[in-house]
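Coordinate analysis (summary)
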Amino acid sequence: NIDKMIHCGDPSFGGAMYGCPHCGKLKFVPFRCHSRFCPTCGNKYTMDRTTGMSFKLVNVTHRHCVFTIDENLREFFLKDRSLLDCLFHSVNSVITRMFFKMNKSKNFTPGFIMVLHTFGRDLKWNPHIHCLVCEEAFDTKKNKMKNFSFISYKKLRKTWMYQVLDLLSKQELENFNYLKQRFYKELVNGFYVYAKKKEKDNDDNNVDDCVNYITRYTSRPPMAENRIIKYEDDKKMIRWWYNRHEDEKYIEVYES
């Protein structure tokens, strides 16, 4: 991937010649690497994916939700990446059940998009789901949309924890039952879920801003080049920075 990125756009590695059928002017365009590791190609892919996702969304207010898990569970997903699929199924169950319980007779159909992030701002392994939830649901009986801006954090967090633990308990993981019982005993409020309602005066670009954020890391390197402060080749050490998510505090990291 590094070699592909270094030679991305290098004419000596080939390209395509385009000609204007009217004036006959020719233009040579070198091939790109199309690698996620490449800042140029990765950024273009992200922009295309963001645009395509935006066209699929209903033009109404969306809620940006983040579903996280306890840090003691992260090791299971690191050892077996196939377990990440459980996170998608759990979020799907949580949102579907939430809208169903709001009005069972109406059979409301919610709209939402899920994206997996496998690390936090500190680049440590931290799998979590970003989800865009439409704040309006479709009433299949009256054939119209109905607003649902209220979300019960208490039910959301507990249901989310229950769904994750229930699916993982079926995987026969080592030492998992002990953790499961401990979670139910200690985490009385469930796993943390961010689902803050956005201020009305900022709703104009609600959908576009959220889509740009959740797709930011899906097809580009996890860290921008401008966050690298210094690289010491002789010591094989790197110094970089990030803003801590909890309080936006500036943090510098020095590691090999």
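The structure contained in this document is the topic of the report that follows. (Residues numbered from 1 in each chain as written. Predicted model: local features only at pLDDT ≥ 70, side-chain atom pairs only at ≥ 80, totals over all residues. Heavy atoms only, no water.)

Moving on, we get to the pairing of strand β9 (residues 228–232). As defined by bridge partners, β9 adjoins strand β10 (residues 237–243) across four bridges and the pair is classed as antiparallel. Residue pairing for β10: E232 is matched across the bridge by M237. (Pairing = 2+ DSSP bridges. Helix = DSSP H or I, 4+ residues; strand = E, 2+ residues; numbered from the N terminus.)

Before going further, it helps to spend a moment on unusual backbone geometry. For H34, which is not glycine, the phi torsion reads 55 degrees and is therefore positive. Within the chain, E248 stands out as a residue other than glycine whose phi angle is a positive 60 degrees. Owing to a relative accessible area of 46%, E248 belongs among the partly exposed residues under this scheme. (Buried < 20%, exposed > 50% of the residue type's maximum accessible area, 1.4 Å probe, protein only.)

Let us now look at the environment of T51. If you trace the backbone, T51 turns up in helix α2 (residues 39–56). Along the backbone, T51 and V115 are 64 residues apart, and their C-alpha atoms lie at a distance of 15 Å.

With that settled, the discussion passes to the nonpolar core. Core analysis: the biggest nonpolar cluster contains 35 residues, and F67, L73, F77, W160 and F191 have the highest contact counts within it. Contributing elements (two or more residues each) for this core: β3 (62–67), α3 (74–79), α4 (84–102), β5 (125–134), α5 (153–169) and α6 (176–186). If one sorts the elements of this core by residue count, α4 sits on top with eight residues. Once residues lying within four places of it in the same chain are set aside, the contact partners of F191 are T68, I69, D70, L73, R157, W160, M161, V164, L165 and F183. Within the second largest apolar cluster, nine residues are counted, among which are M53, L132, V207 and C210. (Core = buried A, V, L, I, M, F, W, Y, C linked by side-chain atoms within 4.5 Å. Contact = heavy atoms within 4.5 Å.)

Note that every value here comes from positions in space, so none of it alone points to a role or purpose.
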